[in-house]
Amino acid sequence: MSHDPEHARKLAQNLVELLAPYEEELIAVERENPAVGALRRALGIVIAEACYCISDQKSPQEDWAPPTDDEANRAR
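Structural notes, computed from the coordinates. The structure displayed is predicted, hence computed values, not measured ones.

1. Overview of the overall build of the chain
Phase 1: Regarding its fold elements, the chain presents three helices and zero strands.
Phase 2: Counting from the amino terminus, the chain carries its helices and strands in the arrangement α-α-α.
Phase 3: For the chain, the proportion of its 76 residues judged to be buried stands at 16%.
Phase 4: Here the analysis covers contacts within the chain between residues at least 6 apart in sequence; of these, 58% occur between residues at least 24 apart.
Phase 5: Roughly 6,300 Å² of accessible area belongs to the chain as shown, and the carbon and sulfur atoms make up 57% of that amount.

2. Considering the nonpolar core
Phase 1: One finds Ala12, Val16, Leu19, Leu26, Val36, Leu43, Ile47 and Ala50 forming the largest nonpolar core, which totals eight residues.
Phase 2: Within the residue set of this core, elements represented by two or more residues are α1 (5-32) and α2 (37-54).
Phase 3: Take this core: its biggest share by element is four residues, from α1.
Phase 4: Every residue in contact with Leu43, bar those within four places of it in the chain, is listed here: Leu19, Tyr22, Glu23 and Leu26.

3. Focus on the packing of α1 against α2
Phase 1: For the pair α1 and α2, the least separation of the axes is 9 Å and the interaxial angle reads 155°. In terms of axis orientation, α1 runs roughly antiparallel to α2. Handedness of the crossing formed by α1 with α2: left-handed. Contact residues: Arg9, Ala12, Gln13, Leu15, Val16, Leu19, Ala20, Tyr22, Glu23, Leu26, Ile27 and Glu30 in α1; Gly37, Leu39, Arg40, Arg41, Leu43, Gly44, Val46, Ile47, Ala50, Cys51, Cys53 and Ile54 in α2.
Phase 2: Looking at the contact of α1 with α2, its residues break down into 16 nonpolar, three polar and five charged.

The rules behind each value
- Residues numbered from 1 in each chain as written.
- Predicted model: local features only at pLDDT ≥ 70, side-chain atom pairs only at ≥ 80, totals over all residues.
- Heavy atoms only, no water.
- Helix = DSSP H or I, 4+ residues; strand = E, 2+ residues; numbered from the N terminus.
- Buried < 20%, exposed > 50% of the residue type's maximum accessible area, 1.4 Å probe, protein only.
- Contact = heavy atoms within 4.5 Å.
- Areas by Shrake-Rupley, 256 points an atom, 1.4 Å probe, with all protein chains shown as cover.
- Core = buried A, V, L, I, M, F, W, Y, C linked by side-chain atoms within 4.5 Å.
- Axes fitted to C-alpha atoms, helices over the stretch in contact; angles between N-to-C directions.
- Parallel < 35°, antiparallel > 145°, perpendicular 65-115°, else oblique.
- Left-handed = near helix turned anticlockwise from the far one by under 90°.
- Nonpolar A, V, L, I, M, F, W, Y, C, P; charged D, E, K, R; others polar.

Now the structure itself:
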């Protein structure tokens, strides 16, 4: 499966848009029922991970190989 950063960002954006209203509702419910806090925190973590995907972070796969202009390649 190829890694398409734009597709990943779009999916993450959709996830945030879908889950954010639920997190807001859980915040309100948590005031009345503190036991909901764990669910609200879990949802917040998922949203934070999606936001990380949306951000301009480079793909983790880009770190797997050394840069093509590194010193070892220049010596060849």
